[in-house]
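# Secondary and tertiary structure notes
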Amino acid sequence: MFETKKFIENALEEIRNTVCGKKVISACSGGVDSTVATFLVHKAVGEKLTAVFIDDGLRREGEPEFVVKTLKNLGIKSKFIDARKGFFAALKGKTDAEEKRKAFREKFYKTLGEVSKELKIEFIVQGTIKADVIETVKGIKSQHNVLEQIGIDSQMYGYKIIEPLKELFKPEVRKVGRELGLPKEISERMPFPGPALSLRVLGEVTPEKVAIVRKATEIVEAETGELKTFQNFAVLHNDKATGIKNGNRVYGNIITVRIVDSEDAVTAKATQVPYQTLMKISERITGEIPSVVRCLYDITDKPPSTIEFE
Ligand code: XMP
């Protein structure tokens, strides 16, 4: 049985002992894990903490504004880094899923290295959880936030990493968030991967493709919010299909919609979404995004699929 209060007490003590009154930054993407980790460290060290939000150009619609507002409401000092150009440059020409993840990870840690140097900081907090570590170590996916567990020393980027949630699974992270008093919109938030929409643009990532999948994501989320499923999203394919728009042949984009139920992301079930909802999503995606001519629904569970396509 997970004892939430005890976990928090121990974590606060451990964080204080580790940082010993020094300044800390926390990489906060606005997701459940990184926000809970940030809030926990803020509780432990207060004003010594600065949360860093990196805008990599790969976030969902309205996300950068949401994160800045959330941190402000929580009373946490924050720093906004506009790194969009650098991330697109790092991903340019990369088509292999693992290569893309590694390029993202490298750029992510280098960017944090620059911030830590500028702010003269020794420690960086991140919201790695147990599932991230397991999948990376097993070689299924190199989750962007797993380093030391696969033998990479973060000191090569110029700092030490603190991961207060690395022994927890998602349901426990949510319990910690609730116990700490985080608003529901954070503790119950749908999981979103660190490398963000880069995993949902199959093949090379460009600003134009990200804009397409961002719009499709917005539609999927708007039409499925009521379902209360674990994760709902859109994926842009790398290949194209024939369609008809305004009476003309269009060789256009394909979007797959993925909606899954899960407890901890280790296994997942494709949701039996009402057909009317799927039709509405398809009509909106093909109607509101000019280049999209085809919309598919993924009916595969995890395993054999993973939740994300990449
Ligand atoms: P998969 O696709 O492996 O995903 O079934 C399991 C859960 O993890 C999320 N995910 C990631 N989260 N960095 C993250 O922070 C990553 O590189 C990453 N890859 C997948 C995914 O969205 C799902 O919730």
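Residues numbered from 1 in each chain as written. Predicted model: local features only at pLDDT ≥ 70, side-chain atom pairs only at ≥ 80, totals over all residues. Heavy atoms only, no water.

### A short note on the overall build of the protein
- Along its length, the protein carries 10 helices and nine strands.
- In summary, the protein has a C-alpha radius of gyration of 20 Å against a globular reference of 19 Å for 310 residues, a match within 12%.
- Across its three principal directions, the C-alpha atoms of the protein cover 70 × 40 × 35 Å.
- Looking at the 310 residues of the protein, the share that counts as buried comes to 55%.
- Taking all contacts inside the protein whose residues are at least 6 apart in sequence as the whole, residues at least 24 apart take part in 76%.
- Entry remark: accessible area of the protein is about 14,500 Å², with carbon and sulfur atoms responsible for 51%.
- Each charge sign in the protein was given a centre, from 50 positive and 45 negative side chains, and these centres are 3 Å apart. (Helix = DSSP H or I, 4+ residues; strand = E, 2+ residues; numbered from the N terminus. Rg over C-alpha atoms; globule rule 2.2 N^0.38 Å. Buried < 20%, exposed > 50% of the residue type's maximum accessible area, 1.4 Å probe, protein only. Contact = heavy atoms within 4.5 Å. Areas by Shrake-Rupley, 256 points an atom, 1.4 Å probe, with all protein chains shown as cover. Lys, Arg positive; Asp, Glu negative; His and termini not counted. Charge placed at Lys NZ, Arg CZ, Asp CG, Glu CD.)

### As for the site of the ligand
- Every one of the 16 residues lining the ligand counts as a neighbour, but R101, E135, K141, Q143 and E308 are closest to it.
- A distance of 2.7 Å separates an oxygen atom of the ligand from a polar side-chain atom of R101.
- Q143 has a polar side-chain atom sitting 2.8 Å from a nitrogen atom of the ligand.
- In the complex, the protein chains occlude 93% of the 490 Å² of accessible area that the ligand would expose alone.
- Cavity membership is defined here by more than half of the atoms lying within 2 Å of grid points; on that basis the ligand lies in the largest cavity. (Near = heavy atom within 4 Å. Polar contact = N/O pair within 3.5 Å; in protein donor to acceptor, adjacent residues only side chain to side chain. 1 Å grid on protein atoms, 1.4 Å probe; cavity = no way out; pocket = protein on both sides within 12 Å on 5 of 7 lines; lining within 4 Å. Sits in = over half its atoms within 2 Å of the grid points.)

### Quick notes on the nonpolar core
- The biggest cluster of nonpolar side chains holds 45 residues, and the ones touching the most others in it are L58, F108, Y109, L112, I255 and I285.
- Elements supplying a minimum of two residues to this core: β1 (24-27), β2 (49-55), α4 (84-91), α5 (97-118), α9 (207-224), β6 (231-245), β7 (248-261) and α10 (275-288).
- With near-sequence residues (within four places) excluded, Y109 lies in contact with Q126, H144, N145, V146, L147, Y157, Y159 and I161. (Core = buried A, V, L, I, M, F, W, Y, C linked by side-chain atoms within 4.5 Å.)

### Let's talk about a positive patch on the surface
- Side chains of K23, K48, K77 and K120 sit close together on the surface and give a patch of like positive charge.
- With respect to the element layout, K120 can be found in the loop between α5 and β4 (123-125).
- For K120, a relative accessible area of 70% puts it in the exposed group. (Patch = residues over 30% accessible without salt bridge, like charges linked within 9 Å, V, L, I, M, F, W, Y side chains within 5 Å. Salt bridge = Lys/Arg side-chain N within 4 Å of Asp/Glu carboxyl O.)

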